[in-house]
Amino acid sequence: MAKINSRAIQLLASCAVFCSGLPVTAHSREKTEQKSWMADAIVAEQGTAKTDAAKEAVALRRAKLLIAAMTTDQKMQQLTGSRPEILPELPNCFGARHARGIPELSIPTFRITNGPVGVGQNDCVSPTIVDTKAAGIFGPAMAAAYTHSSSAKATALPSAIGVAASFDPAVASNYGSIIADDMNDLALHVFEAPGLNLARLPILGRNFEYFGEDPYLTAIMATSEIKAVQAKGLIAMPKHYVANEQETNRQSVDMKVDRQVLRELYLLPFEMAVKDGKAASVMCAYNTVNGTGSCENKELLTDILRKDWSFTGYVQPDFFATKTTVPAMKAGMDHEMPQPMRWSPKNLNDALVKGDLVIADFDQALERRYTQMFKAGIFDRPLVQRPMDIEGHGRAAREIGTRSAVLLQNNGALPIRRDVGSVLVIGKASQPYAQQAVAGGALTGKPMGSGGGSSDVVPHYSVTPIEGIRNALQQQGNTRAAVKLVLIDDENRTATIDGASTSFEAVLTEAAAADAVILMAGTISEEGADRATFTVPSGKVLAGSAADGHGLDWYADRSDVIAVLNPGKDPRAALARNSQTLAMIKALLGTPSTSGTSMSGKAVLVLKDNASVAMDPALVGPAGPAILEAWFPGQEDGNIVADLLFGLKNPGGKLPVTFSYAGKGFLDNITPEQFPGVVGSDGKTQTVSYTEKLAIGYRWYDSNLSGQCEPSNGRNPCVAFPFGYGLSYTSFTESKPSLSYNARKKVWRAKVRVKNTGKSAGAQVIQVYVALPPSASEIGAPQPPKRLVGFQRILLPAGTAKTVSIAIDPAASNHPLGVWDENRKDWITPSGEHRILIGTSSSPSDLVPAGTIKL
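The rules we used
Residues numbered from 1 in each chain as written. Predicted model: local features only at pLDDT ≥ 70, side-chain atom pairs only at ≥ 80, totals over all residues. Heavy atoms only, no water. Helix = DSSP H or I, 4+ residues; strand = E, 2+ residues; numbered from the N terminus. Rg over C-alpha atoms; globule rule 2.2 N^0.38 Å. Buried < 20%, exposed > 50% of the residue type's maximum accessible area, 1.4 Å probe, protein only. Pairing = 2+ DSSP bridges. Core = buried A, V, L, I, M, F, W, Y, C linked by side-chain atoms within 4.5 Å. Axes fitted to C-alpha atoms, helices over the stretch in contact; angles between N-to-C directions. Parallel < 35°, antiparallel > 145°, perpendicular 65-115°, else oblique. Left-handed = near helix turned anticlockwise from the far one by under 90°. Contact = heavy atoms within 4.5 Å. Phe/Tyr/Trp six-rings, centres within 6.5 Å; stacked < 30°, edge-to-face > 60°. Lys NZ or Arg CZ within 6 Å of the ring centre and 35° of its normal. Disulfide = S-S within 2.5 Å. Arc of directions from axis to C-beta. Patch = residues over 30% accessible without salt bridge, like charges linked within 9 Å, V, L, I, M, F, W, Y side chains within 5 Å. Areas by Shrake-Rupley, 256 points an atom, 1.4 Å probe, with all protein chains shown as cover. Salt bridge = Lys/Arg side-chain N within 4 Å of Asp/Glu carboxyl O. Lys, Arg positive; Asp, Glu negative; His and termini not counted. Charge placed at Lys NZ, Arg CZ, Asp CG, Glu CD. Polar contact = N/O pair within 3.5 Å; in protein donor to acceptor, adjacent residues only side chain to side chain. pLDDT = per-residue confidence, 0-100.

Enquirer: Mind laying out the overall build of the chain, listing which residues take part and the relevant values?
Expert: Each helix and strand counted, the chain has 21 helices and 37 strands in total. For 855 residues, the compact-globule formula gives about 29 Å, and the C-alpha radius of gyration of the chain, at 27 Å, lands near that figure. Summarising its shape, the C-alpha atoms of the chain cover approximately 95 × 65 × 60 Å along the three principal directions. In the chain, buried positions account for 62% of the 855 residues.

Enquirer: Summarise the sheet that holds strand 19 (residues 554-556); cite the residues concerned and give the values.
Expert: Spatially, four strands are ordered 18-20-21-19 in an open sheet, and the strand pairing comes out mixed. The outermost strands of the open sheet, each flanked by one partner alone, are strand 18 (533-534) and strand 19. As defined by bridge partners, strand 18 adjoins strand 20 (residues 562-564) across two bridges and the pair is classed as parallel. Paired with Phe534 across the two strands is Val564, which belongs to strand 20.

Enquirer: If you had to explain the nonpolar core to someone new, which residues and values would you point to?
Expert: Core analysis: the largest hydrophobic core is formed by 137 residues, its most contacted members being Met70, Phe110, Tyr241, Val242, Tyr266 and Tyr370. Counting residues in each nonpolar core, the second largest holds 42 residues, with Ala199, Ile497, Val507 and Leu519 among its members.

Enquirer: Just give me the short version of the sheet that holds strand 36 (residues 833-839), but keep the residues and values in it.
Expert: Taken in spatial order, the four strands make up an open sheet running 32-31-36-37, and their pairing is antiparallel. Edge positions in the sheet fall to strand 32 (787-796) and strand 37 (847-854), since each of these pairs with one other strand and no more. In this sheet, neighbouring strand axes are inclined to one another by 20 degrees on average, regardless of whether the strands run parallel or antiparallel. Note: strand 36 against strand 37, seven bridges, orientation antiparallel. If you follow Leu837 over to strand 37, its bridge partner there is Pro849.

Enquirer: Mind laying out the packing of helix 3 (residues 52-68) against helix 14 (residues 359-376), listing which residues take part and the relevant values?
Expert: Where helix 3 meets helix 14, the closest approach of the two axes is 8 Å, and the angle between their N-to-C directions is 130 degrees. Judged on the interaxial angle alone, helix 14 and helix 3 are oblique. Helix-helix and strand crossings are classified by hand; for helix 3 and helix 14 the assignment is right-handed. Side by side, helix 3 and helix 14 meet where Asp52, Glu56, Ala59, Leu60, Arg62, Ala63, Lys64, Leu66 and Ile67 of the first sit next to Asp363, Leu366, Glu367, Tyr370, Thr371, Gln372, Phe374 and Lys375 of the second.

Enquirer: Outline the pairing of strand 4 (residues 110-113), listing residues and values.
Expert: Burial along strand 4 is two-sided: Phe110 and Ile112 facing one way and Arg111 and Thr113 facing the other are all buried. Bridge count between strand 4 and strand 5 (residues 190-191): two bridges; the pairing is parallel. Paired with Thr113 across the strands is Phe191, a residue of strand 5.

Enquirer: So what's going on with the packing of aromatic side chains? Residues and values would help.
Expert: Under the criterion given, the structure shown has 19 aromatic pairs. With 6.2 Å between their ring centres and 70 degrees between their planes, Tyr241 and Trp309 make a pair best called edge-to-face. Within this pair, whereas Tyr241 is found in the loop between strand 6 (235-236) and strand 7 (254-256), its partner Trp309 is found in the loop between helix 11 (298-308) and strand 11 (314-317), the two being separated by 68 residues in sequence. Under the relative-accessibility criterion, Tyr241 is labelled buried at 0%. Members of the aromatic cluster, connected to one another through ring pairs, are Phe167, Tyr216, Tyr698, Phe723, Tyr769 and Phe791. Lying over the aromatic face of Tyr690, Arg200 brings its terminal NZ or CZ to 3.9 Å of the ring centre. The ring of Trp820 carries Arg263 above its face, with NZ or CZ at 3.9 Å from the centroid.

Enquirer: Residue-level account of the environment of Leu262, with values.
Expert: Tracing the backbone shows Leu262 in helix 9 (residues 259-266). Sequence-wise, Leu262 and Ser106 are 156 residues apart; in three dimensions their C-alpha atoms are separated by 42 Å.

Enquirer: Mind laying out unusual backbone geometry, listing which residues take part and the relevant values?
Expert: A cis amide bond, omega -10 degrees, links Lys239 with the succeeding residue His240. Relative to the assigned elements, His240 resides in the loop between strand 6 and strand 7. Met337 connects to Pro338 through a cis peptide bond whose omega is 5 degrees. Take Pro338: it is sitting in the loop between helix 12 (326-331) and helix 13 (345-354). One non-glycine residue, Lys693, lies in positive phi territory at about 55 degrees. If you trace the backbone, Lys693 turns up in the loop between strand 26 (686-689) and helix 21 (698-703).

Enquirer: So what's going on with the pairing of strand 14 (residues 482-488)? Residues and values would help.
Expert: Counting buried residues in strand 14 gives five out of seven residues, a clear majority hidden from the surface. Across seven bridges, strand 13 (residues 422-428) lies against strand 14 in parallel orientation. The partner of Val425 across the bridge, within strand 14, is Leu485. Between strand 14 and strand 15 (residues 494-497), which follow one another and run antiparallel, lie five residues, and Asn492 among them has a positive phi close to 55 degrees.

Enquirer: Describe the state of the cysteines, with residues and values.
Expert: All told, the structure shown has three disulfides when counted by the stated rule. Here Cys284 connects covalently by a disulfide to Cys295, the sulfurs 2.1 Å from one another. Because the sign of the S-S torsion sets the handedness, a value of about 110 degrees for the bond joining Cys284 and Cys295 places this disulfide among the right-handed ones. Taken together, the residues span a long stretch of sequence, with Cys284 in strand 8 (residues 281-284) and Cys295 in the loop between strand 10 (292-293) and helix 11 at a distance of eleven residues.

Enquirer: Please give an account of helix 17 (residues 504-513) that cites residues and values.
Expert: When helix 17 is considered as a whole, its buried residues turn out to be Phe504, Val507, Leu508, Ala511 and Ala512. Buried residues of helix 17 fall within an arc of 140 degrees about the axis and therefore sit on the same side. Exposed positions of helix 17 whose direction lies more than 90 degrees from the buried face are Glu505 and Thr509.

Enquirer: Could you give an account of a positive patch on the surface, with specific residues and numbers?
Expert: The grouping of Arg744, Lys745, Arg749 and Lys751 at the surface amounts to a positive patch. Turning to its location among the elements, Arg749 is positioned in strand 30 (residues 747-756).

Enquirer: Help me get a handle on the side chain of Gln767, residues and values and all.
Expert: Its location among the elements puts Gln767 in strand 31 (residues 762-771). Residue Gln767 is classed as buried on the basis of its relative accessible area of 0%. Within the structure, Gln767 has its side chain in polar contact with the backbone oxygen of Thr840 (distance 3.0 Å). In this view, Gln767 contacts Lys654, Phe723, Gly724, Leu788, Gly790, Phe791, Leu837, Ile838, Gly839, Thr840, Ser841 and Ser842; residues no more than four positions away in its chain are not counted.

Enquirer: I'd like to hear about the pattern of salt bridges, residue by residue, with values.
Expert: Within the structure shown, the criterion is met by 42 salt bridges. Close ionic contact of Glu527 with Arg206 constitutes a salt bridge, the shortest N to O distance being 3.4 Å. Note that Glu527 is positioned in the loop between strand 17 (516-523) and strand 18 and Arg206 in the loop between strand 5 and helix 8 (215-230), a separation of 321 residues in sequence. Each member of the pair Glu527 and Arg206 is classed as buried. Across the salt bridge formed by Lys608 and Asp637, the nearest N and O atoms sit 3.0 Å from each other. With Lys608 in strand 22 (residues 603-609) and Asp637 in helix 20 (residues 637-645), the pair connects residues that are 29 residues apart, well separated along the chain. A relative accessible area of 0% places Lys608 in the buried class. For Asp637, a relative accessible area of 0% gives the class buried.

Enquirer: Pulling in residues and values, what's your account of the packing of helix 17 against helix 18 (residues 581-589)?
Expert: Running from N to C, helix 17 and helix 18 cross one another at 45 degrees; their axes reach a closest spacing of 10 Å. Relative to helix 18, the element helix 17 lies oblique. Read as a crossing pair, helix 17 and helix 18 show a hand that is right-handed. For the pair helix 17 and helix 18, the contacting residues are Phe504, Leu508 and Ala511 in the first and Met584, Ala587 and Leu588 in the second.

Enquirer: Any details on the confidence of the model for the chain? Residues and values, ideally.
Expert: A low pLDDT score tells you not to read the predicted coordinates there in detail. Of all residues in the chain, 93% attain a pLDDT of 70 or more, and the chain-wide mean is 93. Taken together, the stretch residues 1-38 has pLDDT below 50 and engages in 60 contacts with residues farther than four places along the chain or on a different chain.

See below:
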């Protein structure tokens, strides 16, 4: 046995700080220098540390002690994830989302789950479904570890964009809390979420995973979710840092974004997540930004993230996003996932020999991650799975879904009478919306979680639309109503009614006689592709307009690969199709009703969308149906929608994205440079230019860049339903607003009194926007007419009123009155009058001046 020297004895004593009692062999360690902290002193500090900074300081010292005890080989093993394998501590799990622990140092296996709409791809499928001896970097074992239906089950929540539609940080907090409970029950440590990318493109395949088109709304919801996740001893990982606003060729595309635009739009949610949410980690993206890979970008990972924002956590790449060995580590990336590739032992050793890296670089990367692990208590609890609260989380998911839905239009069809006699639920046979519970990537006829994307959660159960409607009727004592499911083919020729074949004409007759007609449609999408049709699977050239995928007619056989007109047998592509959903809806609306109620007075269009939809003018207005946006509701789909349709819950959500009219939207006006990007002279590099600069979402429509969107009578002619808009089953009035200043706190407050003038309880969302002075546009990019700087959702019983007070703090992390000056490399407040607007949506007709801030 090797001689145990005094240094080894000190390390063994220190092990009490970070070990769980497992033996440590002194001869397995290199002699490394370390500062001496007595183990008992650090343990005492850990118990008395109250502030976040104090807890992190203690965690840092524990991390340093652990790293000092590690060999170089151990350090290299801990710098990356592990190959697919059966987890040592959890023999029931075959996984590919973890870094294997080191038992002799009591380093636990570090487990990472995907997100953002629940615990998907969670490092645990049945070991019986793979040949573990053949588990390599790619191939069947890797695919099974991510996509097999034997994945550990969890709560399939409503989509994140629905959470944003609630305009309620408490909903985001509940969302994070449910996810955290599922993670702890499944013995997971890191949640790769929330997603903070913006809905720059309405057809972005992952819009449902994000929080919409506004950076401030995104940041507020994300910060609440991060805090809830991390409060339960876990690590949240906001992603994808940064400018990852398209799925098409995301692994190679270069995003050209003006640095002022980056700061004011795309970086802002990450800044607030770090400063306000205290995010413990950040995920760098696949794409390059202004010519440099996101995961080897010193400007992003060190200069901005760590120096400007004082980020103390660690950076992990998106899976397989690491493109280099030395530049990535030097730029500030800390943990390669999912397996040792660029940071394989050979590559790291070669870099050490050449002097391109030193051991201190390894130590720094490990120190950043271990500090957050110690702070979260991951080293101090066993890796043990436990039973889940399936029923309780189902109820919570249902509540989130009902608070996220947005009522866009109501011509008297909603809520449906509790004594209704006949209900016809209509959808496309090729689409899942009327047939099954819907989540991102839903495949018709396949169970939820079959798609393979980051948000594919395998639920314990799901509720179909028909089941939900019958549940709601039974709850109201209606056991006589006839509820029928109608599925119509893409040509609008044939159909089935409760499985029996019939004609489309027969369906129209059935709809005419029904008491309530519920149409279900939507825009399924998923990680891996955008809702667009290309000439070939390379994703370089569109086959038509970018706006084609923004409507209800477009769909593809699969939503996770690029869609083309003729894929043949190419597995890289899906066939783009036309469901003729709009023609079906128009035919139904044009059918004379024989039930005593007009078709527009009894027809409801339930949308289950990735984000916004380009609206056909025929659907908007008095002749159109009631329209309820439910997003992707998840496992409780049927119950959520039925609760809202029958008035068991009152919709109170607001749009986190703009619904344009078809033919007048952003996508109808963009160039190939903006999407999908153009290929350079090298024939390889595909570059996307954010030439719209600050004008995305409602800011683009407000700015009238197309020349078609000049407001008239307070309405934008390009916009069917504006950002921030949503109706209720009750009604509200608002008083004349006011603006006041607290000189001591240096904060302004916009106030308005809101009254519920209807007959039922309901929620209203008050929103505050600021219109910057003209001098703001002289600093850099032209400023849009307004930006969201505050909001508050309130619930009011019928006949009651409440004063809403929303703070505008110039020193806040969202820089409400600020503009990024790239020349000064700093935020500045432009001189002049900042007009404060307050109201219930971004539409000019829904906003009134609250006052002016003169600076």
